[in-house]
Structures are given as C-alpha cells and as structure tokens.
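# Observations on the three-dimensional arrangement
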Amino acid sequence: MKVVLSSKQIEQILRDLTNRIFSDTCGVVSARREPDAVSEIPGESDIAVVGIRSRGEVLAERLSSKLSKKLGREVPCGTLDITLYRDDLNSPQGEGQPQVRTTEIGFDVDGKIIILVDDVLYTGRSARAAMDALIDLGRPRAIKLAVLVDRAGRELPIQADYAGYKADVAPGKLVQVSLVESDGKDEVIVE
Amino acid sequence: MAIKRKSNQLSWQRKHLLGLRELSAEEITYILDTAEGFEEISTRSVKKAPALRGKIVVNLFFEDSTRTRNSFTLAASRLSADVIEFTEKTSSVSKGETLLDTAKNLEAMGIDIVVIRHSAAGAPKFLSRNINACVVNAGDGYCEHPTQGLLDVYTIRKLKGSLEGLRIAIVGDIAHSRVARSDMWAMTKLGAEVIFVGPPTLMPSQVEKLPVKVSYSLDEVIEKVDVINMLRIQFERLGGNPFPSVREYSHYFGLTVERMKKAKPDILVMHPGPINRGLEMESEVADGRNSVILQQVTNGLAVRMAVLFLVNQAAAQET
C-alpha cells in the first residue's frame, strides 16, 4: 500500500486539468498547450462535463465548478451510467456484478464539446463504453477524455486528452481512488 | 436469498421471475432501483441500449394481451434483443402440441428468455424447471402477474417517495385477479397496508389467511386510503352470478366522481387496464388529475427492461 496522491496533490491536479481544458477550449494562450489544440477547437466553445459513475461523477462536478468559475458562466455537468454498454455483461462477474444506475444528463449533447471524466484510465474499456453511451444521446462536436490517474495497460486504442498522474502499475494491482464526497477523504493508493 | 451483499455491492441472482411472493423486500427494491436507470433510455434520441444484443426473447402468450405483450416486446427491443412473437391461435398448439414441447422446440432454436402468459397457475414455474432459458411470468392463472405488481409499486414509490405506511385499497374482482395478488405481495413487503375491497362473491376463498384487510364497502374505505387500484371486471372469467347486475356493481364499487369527493386530495388512482369505462370507473375519474393510469404503462416499460436485463445477467453468472 502506497499513497501516490494526497488530497493536496489531487487538488493541484484538478486545478491543472482545469487550466489546460480552459486554455484549449477557450483559445487562451497557455504554456502547456499542445501545438494542435487550438486548431482543433477554436474560440469560445460550448463545453460540458460528463462524469462516469461513480468516482468520475464526483470529479466531473469538481471540474465543472472550477471551469464555471474560470469562464464566469455555468458549465453544464452530467453523469453517465455505462453499465448497459459494458462489453463484459455476458461473462460471469461473480459478486462484482454491476448495478444499473441512472444516467443524468440534463442538457443536449448535440454540438457540444464533452469533457468525459473518469478517475482511472486503465484498459480503456470504460471509456469505450462511455463514448458509445454518449453517442446514443446525440452527436457531440467532440469528446475529450480527462482522468485523474493514467495507468498503463490499455487494451483498446484509447488515450486521455487530459491526464493527471501517470502511474506505471503492474497488472493485477489495485489503484484505489478515494474522494471526499464518496469515501470521506481525498487519496489515491496503489496496492 | 437471491441478493448477495459484498462491500456495498448488490447483485441479483435469479434467472427466472416467477412471482413476487418468493422475493424479499430487498430484491423488489433492487428491481425498482434498477428500473430507474432504464427510464432515461425512452427519452433520448437513440432509444436503445446494447445490453441484450444478440439475445432472443420469446413472447409465449397463451392468453390475450395488449399492454403486457407490447410492453415486453418494446422492452426487449430497446435492449437490442430479437423478439419472437408466439401466439397460441396461430401456432401448433392448436394442433395439440404441449406447453413443454412448444417451449423445448423454441429452445432448440437458441432462445435466451421466455416471457410466458398462461391460464394455468404454475405454468411459468413448470417451464423454469424443464428448460434452460430464463423464464419471466407475464401472468399465470389467478396466481401472479409480477411485472404488473412491480410497475404498480414503482409508480407509487415514484410519486409518494416510499410505500412505507401507505394505505392502499385494491377494489373489485379480487378472486380472479393475479394483479391483486402480485400487488399484495409487493406492497405489503415494502411496508404498505393493503385492503381488498369488493363484494363477498368476488373475494378469494381463505382471504383471511392473506396479509390484507378486507372490506365490503368502498364508501367506508375511500376516505382513508392513499392509493386506490381499481381492478377490471373480468367478464371472461366470471362464472355464475357474482353480482346481480353491472349497474348494481357499479353503484357499490364503481369509482365515481361523487365518491372521489370523499377521497384524500392527493390519492393516486390506478388501474391495470383495460378499463371498462363507466363500470369500475367513470371516465372523468380515469382521465382525471389523480389518475396515474398512463404513467403505469410508461413505467411498465422501464420495469420490464430491468427484469429482462436482470434475469439475463443472472443467467450469465451461471456459465
């Protein structure tokens, strides 16, 4: 067990992710901006944040409130339940069988830049499911992936547009993200 | 116990839904919670999710149905399953094929879920013991109609927040009603008090053994209840003369505008459909502001999606 991110570091990462998303989507020059970011998404854009249940939901709320403050207007935030889109629904999952919960996206995704938020990017399968689920809701102008922890071990051709902490953790090991809203404290632990 | 709890993770373990009598309150709540996640599918631009992609659902109906059958068909389609519609009148059953042979033959085609309605109580249970596919009861005799019971409690929970402490009247032909039975099991397990209301001739025998109160007067009950579920008079099942005339029945047990004046202002008026307008309920009441009859139908879709999803999930855990 090793604490890789403290509450302070998580807050710093979220602030940093907010700045990068802000500069990319709002055309503000930033030192960290990737060279092609502006040409991809120019100008003031219609942006929204969508979190994947359950930790992504909490992170999405924090990101959207930071973005809202920076932009001076409300950035809509929604929650996506990806259970019905999982690719392992028909394989035995023992007691870790996922429960279907609600998708709550109270805005039109058509034409929006959606910042998709999850706690850990690992195999890429959740992100794949989330993209399919989002596209069944409409046609976003773009989907960008933001994660707190970017862990090695991708099984699909997917990568994060905004990654916080990069972790090279051996397969089978657990990366546990705890957040105040759901777990009482902010912390990331590697087994 | 078909739900196991492990570190806050619940999981459903029944591959058949045969009735609500055998379910725990926790299991019923689990289905209702799951159904909430399915409601949203019907509101979006692509009204489909891939959860049952590649699965085959058979609607095996030996009795007439409009709502239930269409609701199951739509539920299965929204989850991307393929649906086979089986109707007794146009099938080999009319040539004498037995229920089991019919089901075995359908199973040989590789079906995954059988949704069955049959006039014989216990037919779904019989089937579940003899085939490998999941079995969902869509009504068996006078025994149970579990998805109707579930959509009724789902509708009440949604509008009242909870069933705990509510008083619910189920009015009419209780004796011939599988809806009344499934409702009774679900409602009482979730903490409501159920009152069966109707003429003595339409009460089931040994009603005193059921977890309900009985009243023979709608006028005595109407002002006390939070929910009233008006059953259909099932002329096709009524033998003998259970009441002197339709007019007399309506006079004593019909939900009229006049009677509604005595009810609580926020009473929920329910009906499983199809309505005999003017008999068990006046049109003004059926279409009135307390009526949730159409919401029941809408919610039925989400509940049936949840049921199909859960039984299939449980079957996947077996392999």
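Residues numbered from 1 in each chain as written. Chains lettered and ligands numbered in written order. Predicted model: local features only at pLDDT ≥ 70, side-chain atom pairs only at ≥ 80, totals over all residues.

## Brief notes about the nonpolar core
Counting 142 residues, the largest nonpolar core has A:A146, B:V114 and B:L308 as its most contacted members. Ranked by residue count, the leading element in this core is helix 11 (residues 293-318) of chain B, at 11 residues. Residue-level mapping places this core at the junction of two domains, with at least three residues from each of domain 1 (3-144 + 300-318) and domain 2 (146-296) of chain B. The contacts of B:L308, once residues within four sequence positions are left out, are B:L52, B:V57, B:A75, B:A76, B:L79, B:I113 and B:V136. (Core = buried A, V, L, I, M, F, W, Y, C linked by C-beta atoms within 7 Å. Buried ≥ 20, exposed ≤ 12 C-beta atoms within 10 Å, placed from the backbone. Helix = DSSP H or I, 4+ residues; strand = E, 2+ residues; numbered from the N terminus. Domains from an automatic or database assignment. Contact = placed C-beta atoms within 7 Å.)

## Considerations on the environment of A:V147
Residues and elements named next belong to chain A. Note that V147 resides in strand 5 (residues 142-151). Judged by C-beta crowding, with 28 C-beta atoms within 10 Å, V147 ranks as buried. A C-alpha to C-alpha distance of 18 Å links V147 and V75, two positions 72 residues apart in sequence. Not counting the four nearest positions on each side in its chain, V147 is found in contact with D118, D119, V120, L121, A160, A163 and G164.

## Considerations on the sheet that holds strand 8 (residues 187-190) of chain A
Two orientations exist for strands paired in a sheet by backbone hydrogen bonds: parallel and antiparallel. Residue and element names in this part refer to chain A. Strand order in the open sheet formed by three strands is 1-8-7, with antiparallel pairing between adjacent strands. Edge positions in the open sheet fall to strand 1 (2-5) and strand 7 (175-178), since each of these has one partner strand only. On average, each strand axis in the sheet is tilted by 30° relative to the strand beside it, whichever way the strands run. Bridge count for strand 1 against strand 8 is three bridges, and the pairing is antiparallel. What sits directly across from V3, in strand 8, is I189. (Pairing = 2+ DSSP bridges. Axes fitted to C-alpha atoms, helices over the stretch in contact; angles between N-to-C directions.)

## Here's the deal with the confidence of the model for chain A
Residue and element names in this part refer to chain A. Taken as a whole, chain A shows an average pLDDT of 88; of its residues, 88% reach a score of 70 or greater. In the predicted structure, residues 28-33 sits below a pLDDT of 50 and forms seven contacts with residues beyond four places in sequence or in another chain. Every residue in residues 37-44 scores below 50 in pLDDT, and together they form nine contacts with partners more than four places removed in sequence or on other chains. (pLDDT = per-residue confidence, 0-100.)

## Some points on the packing of helix 5 (residues 146-160) of chain B against helix 11 of chain B
Residues and elements named next belong to chain B. Close contact between helix 5 and helix 11 brings their axes to 8 Å; oriented N to C, the two are set at 115°. For the crossing formed where helix 5 meets helix 11, the hand is right-handed. Contacts between helix 5 and helix 11 involve T147, L150, L151, D152, Y154, T155 and K158 on the former and, on the latter, Q295, Q296, N299, G300, V303, R304 and V307. Residues that form the contact of helix 5 with helix 11 fall into these classes: five nonpolar, six polar and three charged. (Left-handed = near helix turned anticlockwise from the far one by under 90°. Nonpolar A, V, L, I, M, F, W, Y, C, P; charged D, E, K, R; others polar.)

## Overview of the interface of chain A and chain B
Every contact between the two is made by 19 residues of chain A and, on the other side, 22 residues of chain B. Within the side of chain A that touches chain B, the residues separate by chemical class into six nonpolar, nine polar and four charged.

## Notes on helix 5 of chain B
All names here are of chain B. Over its 15 residues, helix 5 extends 21 Å from the first C-alpha to the last, a length consistent with the 21 Å expected when each residue adds 1.5 Å. Counting buried positions along helix 5 gives 12 out of 15 residues, so the element sits mostly inside the fold. Turning to helix 5, its buried residues number three or more, namely P146, T147, Q148, G149, L150, L151, D152, V153, Y154, T155, I156 and R157. Residues of helix 5 that are buried in the fold lie against helix 1 (25-39), strand 6 (134-140), helix 6 (178-189), strand 10 (227-230), strand 11 (268-270) and helix 11. Just downstream of helix 5, G161 is the residue with a positive phi angle, here 90°. (Expected span 1.5 Å × (residues − 1).)

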